[in-house]
Amino acid sequence: MSKIKFLWQELTGSFWFIPILIIIASIGLATLLIYIDRSVDVRSVKFLNYILTESADSARSVLSTISGAMIGVAGTVFSITLVALTLASSQFGPRLLKNFMHERLNQVVLGTYVSTYAYCLIVLNVVKDNEAQVFIPSLSILLAILAAIGNIILLIIFIHSISISIQADHVVSDISVTLMKNIERIFSEELEDEDPSFEKNTKPLDHYLKDFSYSKTLQSSKSGYLQYLHNISLFEAAKANEYLIVSHYRVGGYIVKGEPIISVHSKTEFTEDSSIDFESNYVLGSSRTTQQDAEHSIHQMVEIACRALSPGINDPFTAISCIDNLTSTLCYLTRVKFPSKYKFDDDKLRYAFKPLTFQGMLDAAFLQIRQFSKGSPAVVIRLMEAMIKIHDYTSHKIHKKAVKEHAEMVLKVAEDSFEESHDLEDMRERSRKILKNS
């Protein structure tokens, strides 16, 4: 993924991009239809005479009514959206607001109403009825009427959609779909029947750095989250210049101004001819994104579960729904190949970075939920069931060991917090499927 592609995806995912495109399209459509009205006598088509506007006063009245109604409904759409965002923020957390703002239907509805308003203003401006000229853009007015009717239907669809979009199950499902799409894009290779390849390179980085005499570091010019890192480009640059390039952060990490982002190591002194444009290989921003950051969507799901388990909300069913969706994601991750932290060129280390790992993804998915699950036996039991399912899906010792560690922690929570002996015995019986000595 190039930096330009990343920035384009960020642009197209913004709340205002689609509405502006629709408004521009409506202005172009208004200009085209006005030109057709001036060039073609549409009244020559007899059956159209029954639905075309015949007088300038009627034309102004229709266009004024539609434009006023559209801008009024656009304000209503804004109000409904803000109410939905407020409810979503209080129930699911403010970091999920971006998901609601990126909803395409919301953008299309807003753009359609504002563009219809702009369209009517442009057409209204060309209506003429004086001694010098009489011009009534009948075809343009007919399209405005049809657009108004279509917008009424669109408003009903919008209200239905917004009422569904703030339901917990729908929110969790949407995040889960986004998460799986990102993971399937990032982890495209399936794991073979041997141990994960990234565990074979156990030598520390210092073992390779001792062969290089010169180094320089690129420091962050500002604070922010690492939103994008072009690993392939950095690896190719290292091969071309016979460098060893080290990335100190992975996508999603927070970098403080002045901290090192990338280190370059060379066997010879650096020259101006061998400089690399590092600025084009990374992007810092004020918030995390989902394009390269697979853990971000997991954290969104975890946030919903933790809020659901808070004393003020106490909604274990939403937490269980989050656990079920996270379990599905982790089961998929047991079958994919995680990238190695080292990239070699003819047995020479050229690029080192901090990749995602199964252990890290498992921790991100279940650690906080387990910590918040005390006092909710149903959630703790579902966590153990999740560990059992993930354990059954994986065939690799490293993955099984990580899952067993989580199962032990879940069992410890049950032993410390369950007041009912039958619940505890139920938990111990389930845990024996993973922990033989429990």
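Predicted model only: the values in this text are computed from it and were never measured.

If you check the backbone angles, Glu242 has positive phi at about 55° while not being a glycine. Inspection of the secondary structure puts Glu242 in the loop between helix H9 (231-241) and strand S5 (244-247). At Asp346, a residue that is not glycine, the phi angle is positive and equals roughly 55°. Inspection of the secondary structure puts Asp346 in the loop between strand S9 (342-345) and strand S10 (348-352). Under the relative-accessibility criterion, Asp346 is labelled exposed at 68%.

What the rule picks out here adds up to twelve salt bridges. The residue Glu303 makes a salt bridge to Arg307 at a minimum N-O spacing of 3.8 Å. Remark: Arg307 and Glu303 occur in helix H10 (residues 294-308); sequence separation between them is four residues, near one turn of the helix. Among the salt bridges present, the one from Arg430 reaches Glu385, with a minimum N-O distance of 2.4 Å. Of this pair, Arg430 sits in helix H15 (residues 421-431) while Glu385 sits in helix H13 (residues 377-393), placing them 45 residues apart in sequence. Residue Arg430 is classed as partly exposed on the basis of its relative accessible area, which comes to 25%. A relative accessible area of 27% means that Glu385 is categorised as partly exposed. Through salt bridges with shared partners, a single ionic network connects Asp324, Arg382, Glu385, Asp426 and Arg430.

With respect to topology, five strands assemble into an open sheet ordered S3-S7-S5-S10-S9, the strand pairing being mixed. The open sheet is flanked by strand S3 (214-219) and S9, the only strands paired with a single partner. Pairs of neighbouring strands in the sheet enclose a mean axial angle of 25°, with direction left out of account. In the sheet, S5 pairs with strand S7 (residues 260-266) via four bridges, with the strands oriented antiparallel. In the sheet register, Val246 faces S7, and the bridge partner there is Ser263. Against the sheet, H9 engages S5, S7, S9 and S10, with an angle of about 145° to S10.

Before going further, it helps to examine the sheet that holds strand S8 (residues 282-285). One open sheet holds the three strands; their spatial order is S6-S4-S8, and the pairing between them is antiparallel. In this open sheet, the two edge strands, each paired with only one partner strand, are strand S6 (254-255) and S8. Relative to S6, strand S4 (residues 224-229) runs antiparallel, the two being bridged by two bridges. Note that in S6 the partner of Tyr225 across the bridge is Tyr254.

Moving on, we come to the environment of Ile23. Its location among the elements puts Ile23 in helix H2 (residues 17-39). With 95 residues separating them along the chain, Ile23 and Ala118 place their C-alpha atoms 7.3 Å apart. The residues touching Ile23, leaving out its near neighbours within four places in the chain, are Gly111, Val114 and Ser115.

Packed helices, taken two at a time, are described by their axes: the angle between them and the distance between them. In the contact formed by H10 and helix H12 (residues 358-372), the axes pass within 9 Å of each other and the chain directions differ by 10°. The angle between the axes of H10 and H12 places the two elements in the roughly parallel class. Facing Ala294, Glu295, Ile298, His299, Val302, Ala305 and Cys306 of H10, the residues of H12 in contact are Gly360, Met361, Ala364, Ala365, Gln368, Ile369 and Phe372. Residue composition of the contact of H10 with H12, grouped by class: ten nonpolar, three polar and one charged.

Moving on to helix H3 (residues 56-92). The terminal C-alpha atoms of H3, which comprises 37 residues, lie 53 Å apart, in line with the 54 Å expected from a rise of 1.5 Å per residue. Looking one or two places after H3, you find Gly93, whose phi comes out positive at around 110°.

Reading the values: the criteria
- Sequence positions are assigned chain by chain, starting from 1 and proceeding in written order.
- With pLDDT at 70 or above as the cut-off, local features in this predicted model cover only qualifying residues; side-chain atom pairs require 80 or more to be listed or tallied, and sums for whole chains, interfaces and linings still use all residues.
- The basis for every side-chain value is the complete set of non-hydrogen atoms in the structure, without hydrogens or water.
- Only DSSP runs of H or I with at least four residues qualify as helices, and only runs of E with at least two residues qualify as strands; both kinds are numbered from the N terminus onward.
- Summary of the burial criterion: residues with accessible area below 20% of their type's maximum are buried, those above 50% are exposed, and those between are partly exposed, where the area comes from a 1.4 Å probe applied to protein chains only.
- We define a salt bridge as a contact between a side-chain nitrogen of Lys or Arg and a carboxyl oxygen of Asp or Glu at a distance within 4 Å.
- Paired strands are those between which DSSP finds at least two bridges.
- Axis lines are fitted to C-alpha atoms, over the contacting stretch for helices. Their N-to-C directions set the angle, which ranges from 0 to 180 degrees.
- By definition in these notes, contact holds between two residues if any of their heavy atoms fall within 4.5 Å.
- Each angle gets one of four labels, with under 35 degrees taken as roughly parallel, over 145 as roughly antiparallel, 65 to 115 as roughly perpendicular, and the rest as oblique.
- As a working rule, the residues Ala, Val, Leu, Ile, Met, Phe, Trp, Tyr, Cys and Pro are called nonpolar, Asp, Glu, Lys and Arg charged, and the rest polar, with Gly in that last group.
- In this scheme, a helix's expected span is set at 1.5 Å multiplied by one less than its residue total.

Everything listed here is a matter of geometry and, on its own, says nothing about what the molecule does.
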